[in-house]
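Remarks on the overall topology
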Amino acid sequence: MLTIEDIRHRLQTYDGPPMRIMEVCGSHTDAVAKNGIPSLLSDRITLLSGPGCPVCVTTSSYIDRLVELARQGKVIVTFGDLIRVPGSRDSLSAVRGEGCRVEMVYSPMDVIDMAVAEPETEFVFAAVGFETTAPVYALLMEEIVDKNRSNVKLLTALKTMPEVITQMLSDGAPVDGFLAPGHVSVVTGYECFEPIAKKYDIPFAVSGFTGEELLGALYSLISHRGQGVVTNCYPSVVTREGNEKAKKAVGIFFQKCSAAWRGLGRVSDSGYVLREEYRRWDAGSEGLVQDEKKNPACCCDQVLTGRMRPYECPLYGKVCQPMNPQGACMVSTEGSCYSYFINKRKDG
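Counting from 1, residues in each chain are numbered in the order their sequence is written. Thresholds applied to this predicted model are a pLDDT of at least 70 for local features of residues and 80 or more for the giving and counting of side-chain atom pairs; totals over whole chains, interfaces and linings are not thresholded and use all residues. Each side-chain value is worked out from all heavy atoms of the structure, with water and hydrogens disregarded.

Digging into the overall build of the protein chain
Per the secondary structure count, the protein chain includes 13 helices and 11 strands. Radius of gyration means the value over C-alpha atoms here, while the globule rule gives 2.2 Å times the residue count to the 0.38 power. For 348 residues, the compact-globule estimate of 2.2 N^0.38 gives 20 Å, and the C-alpha radius of gyration of the protein chain, at 20 Å, lies within 12% of that figure. On the principal axes, the C-alpha backbone points of the protein chain span a range of 65 × 45 × 30 Å. Relative accessibility decides the category of a residue: with a 1.4 Å probe and only protein chains considered, values under 20% of the type maximum give buried, values over 50% give exposed, and everything between is partly exposed. A total of 348 residues make up the protein chain; the buried ones form 55% of that total. Residue contacts follow a heavy-atom distance rule, with two residues in contact if any of their heavy atoms lie within 4.5 Å. A separation of at least 24 residues holds for 76% of the contacts in the protein chain among residues at least 6 apart in sequence. Here the protein chain displays about 14400 Å² of accessible surface, and carbon together with sulfur accounts for 49% of that area. By the counting scheme adopted, Arg and Lys are positive, Glu and Asp are negative, and His together with the chain ends is not counted. To locate a charge, take NZ of a lysine, CZ of an arginine, CG of an aspartate or CD of a glutamate. Averaging the locations of the 37 positively and 42 negatively charged side chains of the protein chain gives two centres separated by 3 Å. The secondary structure listing takes helices from DSSP runs of H or I that are at least 4 residues long and strands from runs of E that are at least 2 residues long, numbered from the N terminus. Here the accessible surface of atoms and residues is derived via Shrake-Rupley with a 1.4 Å probe, and residues count as covered only by protein chains that are part of the display.

Pasting the structure below:
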């Protein structure tokens, strides 16, 4: 059995065919930088950041809808990162400066207490995320429906990973292996990646977030280059089948739908929307498809698909910085441009 030192040595001395590996998950992008992983790799291994940050792939039209609702007098409730994401014209931060109410929370369930305290006020929760957070929104909906909280609605931008990975590969994304998202896989299991791996003869490795776990997963990928296999390098919390209870809870309130991804367009069956019987609690989630850039020179779409590294964007580090983001990838701590900028990464 290989030790971690053996793995480090083999990754540093790898001289096989060039290997372009995409970490799909934004938390992986952050962990890769914080653990100094790029400095431990052969120059024949290139790391790419993918569409695994929920804030980064939220379309400008979704932000525009939240801005519109805020100006109508609704209270927008959201996580902190979303407040600064630019829409086609304004952000939630901008309308909050106008006097509109935009409340930041750490848990979706906090909106229930707000709704109880102000029964005459309508609250709209900005429900963004992937398979990881969808079960939490199902619990929120259970509480809303059980107590008939008519003054709480959801504007959803919930997305699912397998479909967008398939879309990228069918469009010719320059990827030779995927670090499969650890948090998502806890819910979905890793079996959802097996058909993709087999169809495109490309390896997947489910990884945790420590330095050793990331190195182990990267070694698995270079060892299986050109093979359609999925390796579970995070067995302490990930199984092949995933969390059936969580998936069932999501299925009660949500159904699959096509979804718009910032910079990637509309991807079939890659999102969740409230089922028809619960649509009265929806704040207008469907039909938000256009994706106008605040700055036409922003290259978030190319960064998200691995065609460009963040520092190759002409705006990066100049007019686009964390305090003045021109695109969503520079907003969140899980965003690829933000991670590269904060960690001063210039590697591939």
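Digging into the layout of surface pockets
Cavities and pockets are found on a 1 Å grid laid over the protein atoms alone: a cavity is a set of points where a 1.4 Å probe fits but cannot escape, a pocket is an open set with protein on both sides within 12 Å along at least five of seven lines, and a lining residue has an atom within 4 Å of such a point. Grid points are joined across faces, edges and corners, and a volume is the space filled by probe spheres set on the points. Here the largest pocket defines a volume of roughly 510 Å³. Around the largest pocket, the lining is made up of 23 residues, and of these Pro54, Phe79, Gly129, Thr133 and Glu334 lie nearest the centre. Elements with a minimum of two residues in the lining of the largest pocket: strand S5 (123-129) and helix H8 (182-188). Grouping the amino acids of the lining of the largest pocket by side-chain chemistry returns 12 nonpolar, 9 polar and 2 charged. Of the volumes computed, that of the second largest pocket is approximately 230 Å³. Looking at the second largest pocket, it is lined by 17 residues, and the ones nearest its centre are Thr156, Ser258, Ala259, Ala260 and Ser285. Looking at the lining of the second largest pocket, the elements that each hand over two or more residues are strand S6 (152-159), strand S10 (254-261) and strand S11 (265-274). When residue character is reported, Ala, Val, Leu, Ile, Met, Phe, Trp, Tyr, Cys and Pro are called nonpolar, Asp, Glu, Lys and Arg charged, and the others, Gly included, polar.

Things to note about the nonpolar core
Only buried residues count toward a nonpolar core. Its members are Ala, Val, Leu, Ile, Met, Phe, Trp, Tyr and Cys residues joined through side-chain atoms within 4.5 Å. Among the nonpolar cores identified, the biggest contains 93 residues, and Leu11, Ile21, Tyr62, Leu82, Ile165, Phe178 and Phe204 are the most heavily contacted of them. Counting residues per element, this core draws most heavily on helix H10 (residues 211-223), which supplies 7 residues. Here Ile21 is in contact with Ile45, Thr46, Leu47, Leu48, Gly177, Leu179, Leu218, Leu221 and Ile222, once residues within four sequence places are set aside. Judged by nonpolar contacts, the second largest core, of 26 residues, contains Val75, Ala127, Tyr137 and Tyr272.

So, helix H6 (residues 134-146)
With 13 residues, H6 extends 18 Å from end C-alpha to end C-alpha; this agrees with the ideal 18 Å at 1.5 Å per step. Residues of H6 that are buried: Ala134, Pro135, Tyr137, Ala138, Leu140, Met141 and Ile144. Where H6 ends, the next residue or the one after it, Asn148, has phi of about 50°, a positive value. Any helix carries an expected span of 1.5 Å times its number of residues minus one.

Focus: the pairing of S6
In terms of residue burial, S6 counts as a mostly covered element, since 7 of its 8 residues are buried. Across 7 bridges, the pairing between S5 and S6 is parallel. Across the sheet, the residue bridging to Val128 is Ala157, located in S6. After leaving S5, the chain enters H6 and then returns to the sheet as S6, a path that is right-handed. Bridge count for S6 against S11 is 2 bridges, and the pairing is antiparallel. Paired with Lys159 across the two strands is Gly271, which belongs to S11. Only strands that DSSP links by at least two bridges are regarded as paired with each other. Handedness of a crossover: with both strands directed away from the viewer, a clockwise path from the first strand across the helix to the second marks it as right-handed.

Comments concerning the packing of aromatic side chains
Only the six-membered ring of Trp is used, alongside the rings of Phe and Tyr, when aromatic pairs are assigned; centres must lie within 6.5 Å, and planes under 30 degrees apart are stacked while those over 60 apart are edge-to-face, with the rest tilted. Within the structure shown, the criterion is met by 10 aromatic pairs. Centre to centre, the rings of Phe253 and Tyr278 are 4.9 Å apart; their planes meet at 50°, and the pair counts as tilted. Linking Phe253 in helix H11 (residues 244-253) with Tyr278 in the loop between S11 and helix H12 (300-304), this pair joins segments that are 25 residues apart in sequence. Relative accessible area serves as the criterion here: at 16%, Tyr278 is assigned to the buried category. One aromatic cluster is present, formed by Phe79, Phe125 and Tyr137 through successive ring pairs. Directly above the ring of Trp261 sits Lys159, whose terminal nitrogen or CZ lies 5.8 Å from the centroid. Positioned above the aromatic ring of Tyr272, the side-chain terminus of Lys256 is 5.9 Å from the ring centre. Here, a charge over a ring is recorded when the distance from Lys NZ or Arg CZ to the ring centre is within 6 Å and its angle to the ring normal is within 35 degrees.

A closer look at the sheet that holds strand S9 (residues 230-232)
Overall, parallel pairing links the 5 strands, which are arranged S2-S1-S7-S8-S9 in an open sheet. For this open sheet the edge positions go to strand S2 (45-49) and S9, each flanked by a neighbour on one side alone. Across the sheet, the mean angle from the axis of one strand to that of its neighbour is 20°, orientation sign disregarded. As paired strands, strand S7 (residues 177-180) and strand S8 (residues 204-206) are joined by 3 bridges and run parallel to one another. Convention adopted: a line fitted to C-alpha atoms gives each axis, helices being fitted over their contacting stretch, and angles between N-to-C directions are expressed from 0 to 180 degrees.

Some points on the sheet that holds S5
Adjacent strands of a sheet pair through backbone hydrogen bonds, lying either parallel or antiparallel. Spatially, the 6 strands line up as an open sheet ordered S4-S3-S5-S6-S11-S10, and their pairing is mixed. One side of each edge strand has no neighbouring strand; the edge strands of this open sheet are strand S4 (102-104) and S10. Neighbour to neighbour, the strand axes of the sheet diverge by 30° on average, direction disregarded. Those strands touched by H6 are S5, S6, S10 and S11, and its axis lies near 160° from that of S6.

Brief notes about unusual backbone geometry
Glycine aside, negative phi is the norm for most residues, and most peptide bonds take the trans geometry. At Asn148, a position not held by glycine, the phi torsion is positive, near 50°. Here Asn148 shows up in the loop between H6 and S6. When its relative accessible area of 44% is taken as the criterion, Asn148 is described as partly exposed. A positive phi is found at Asp201, a non-glycine position, where the angle reads about 50°. Note that Asp201 resides in the loop between helix H9 (194-200) and S8.

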